[in-house]
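Listed below, chain by chain, are the residues.
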Amino acid sequence: MRIKHFILAGALCLLVPSLAGAAVEYSYAQISTANSTVDLIPTTSVAATLNAVKCIFPSNDGGAAVKITVYFGVGQPFQQVSSFTVDPTYFERESNGAGQYLSGWIPFGIGDSDTLHVTLNNTGLGTATINCWASWLQ
Amino acid sequence: MKTKQTLIAALAGLTIPIAATANVARVGYAYAQIYQANSTVTLANVSRNDGVNESQLVGLKCIFPSNDSGAKVKVLITTDAGTTNEKDLSITVDPTYFQQESTGAGQFLSDWVPLHVLFFHTLLVNLNNTNLGTATINCWASYWTSVIPE
């Protein structure tokens, strides 16, 4: 009988995390210093899902782009690092105000079983004040 | 005894989904421009043979010029080419009723079109404008791949 109770308790413990649901998170970072790196999402302490990323470039961007690097499984032997460059050259522009260049929300929706870390970097990509946001879950 | 076995099986059943999601991911972002009449350009070409797990073409976005004059673009998507899972899909993106930038060049905007097309090993996304008119059309795609760590 005790074994049965023990197994039941174990099963319940496994169920609890899936029932608890994820916390919705929203991050912002600005990069403006030449050849620098800033955190868009600091390393999470638990598994996380990257929903989407958005960047806005100034109207006087002058060709500056930003490199976004995504780390899953930070510090683990199976860590995966991927990066891509967001170049605003052909982006749409806001309809009034300064006429900034808009990436829109770039969808990813990728969940992972380990920690997440996202950085912005502009080394060799020109310099402008670029604002980025991320929507994610943990 | 049967109750105990049933509970153990249930416990194992609960564990399996957790193990199945034990993968790590890479994200991808691609851009291409098409402007030559009756041509094809590659937007994304992804190949993973290192223990790849489920992967996904997540979304697609195209921007058409304000002087588009009816030009459209066909998006050809091939997943897992040469395997029994190969799928060939295509969509034609027509900007006729799209929103336009109200300043700047007044471009037509598709916004991000959610696709969520699954693949396991390869993904090829081509843009083609054969018989669809000619304009300078810019497109982007987002995708991810995942790998089960060894």
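Residues numbered from 1 in each chain as written. Chains lettered and ligands numbered in written order. Predicted model: local features only at pLDDT ≥ 70, side-chain atom pairs only at ≥ 80, totals over all residues.

A. The environment of glutamine 56 of chain B, seen in detail. Residue and element names in this part refer to chain B. Mapping glutamine 56 onto the fold places it in strand β3 (residues 55-64). Owing to 21 C-beta atoms within 10 Å, glutamine 56 belongs among the buried residues under this scheme. Sequence separation of glutamine 56 and tryptophan 144 is 88 residues, and the distance between their C-alpha atoms is 5.4 Å. Not counting residues within four places of it along the chain, the set of residues in contact with glutamine 56 comprises His116, Val117, Leu118, Tyr143 and Trp144. (Helix = DSSP H or I, 4+ residues; strand = E, 2+ residues; numbered from the N terminus. Buried ≥ 20, exposed ≤ 12 C-beta atoms within 10 Å, placed from the backbone. Contact = placed C-beta atoms within 7 Å.)

B. Geometry of the sheet that holds strand β9 (residues 122-128) of chain B. Residues and elements named next belong to chain B. As summarised here, the arrangement of the four strands in space is β2-β9-β4-β5, forming an open sheet in which the pairing is antiparallel. Bordering the open sheet on either side are β2 (40-47) and β5 (87-93), each of which pairs with just one other strand. Adjacent strand axes in the sheet meet at a mean angle of 15°, parallel and antiparallel pairs treated alike. As defined by bridge partners, β2 adjoins β9 across seven bridges and the pair is classed as antiparallel. For valine 41, the partnering residue across the bridge sits in β9 and is leucine 127. (Pairing = 2+ DSSP bridges. Axes fitted to C-alpha atoms, helices over the stretch in contact; angles between N-to-C directions.)

C. Structural detail: the confidence of the model for chain A. Residue and element names in this part refer to chain A. Mean pLDDT over chain A stands at 86; residues scoring 70 or higher make up 85%. Within chain A, strand β2 (residues 37-41) carries the highest mean pLDDT (98), whereas helix α1 (residues 2-20) carries the lowest (47). In this model, residues 6-19 is a region of pLDDT below 50 whose contacts with residues beyond four sequence positions or in other chains number twelve contacts. (pLDDT = per-residue confidence, 0-100.)

D. Looking closely at the confidence of the model for chain B. Residues and elements named next belong to chain B. On average, residues of chain B carry a pLDDT of 84, and 78% of them reach 70 or more. In the model of chain B, helix α1 (residues 2-20) stands out as the element of lowest mean pLDDT, 43, in contrast to strand β4 (residues 73-79), which has the highest, 98. Contacts of residues 6-22 to residues separated by more than four positions or lying in other chains number 16 contacts, the stretch itself having pLDDT below 50. With a pTM of 0.83, the predicted complex shows an ipTM of 0.80.

E. Region of the structure containing the sheet that holds strand β5 (residues 80-86) of chain A. All names here are of chain A. The antiparallel open sheet is built from four strands, whose spatial order is β2-β9-β4-β5. The strands lining the two open edges of the sheet, one partner per strand, are β2 and β5. Shown here is a sheet whose adjacent strand axes are inclined to one another by a mean of 25°, direction ignored. As defined by bridge partners, β2 adjoins strand β9 (residues 116-121) across four bridges and the pair is classed as antiparallel. Note that in β9 the partner of valine 38 across the bridge is leucine 120.

F. Structural context of the environment of valine 125 of chain B. Residues and elements named next belong to chain B. Looking at the element boundaries, valine 125 is found in strand β9. You can call valine 125 buried: it has 24 C-beta atoms within 10 Å. In this structure, valine 125 is in contact with Leu43, Ala44, Leu57, Val75, Ile77 and Ala141, ignoring residues within four places of it in sequence.

G. Just unusual backbone geometry, in detail. Residue and element names in this part refer to chain B. For serine 69, which is not glycine, the phi torsion reads 55° and is therefore positive. Mapped onto the secondary structure, serine 69 falls in the loop between β3 and β4. Although it is not a glycine, asparagine 131 adopts a positive phi angle of roughly 60°. For asparagine 131, the location among the structural elements is in the loop between β9 and β10 (137-147). The exposed category is assigned to asparagine 131, around which 9 C-beta atoms lie within 10 Å.

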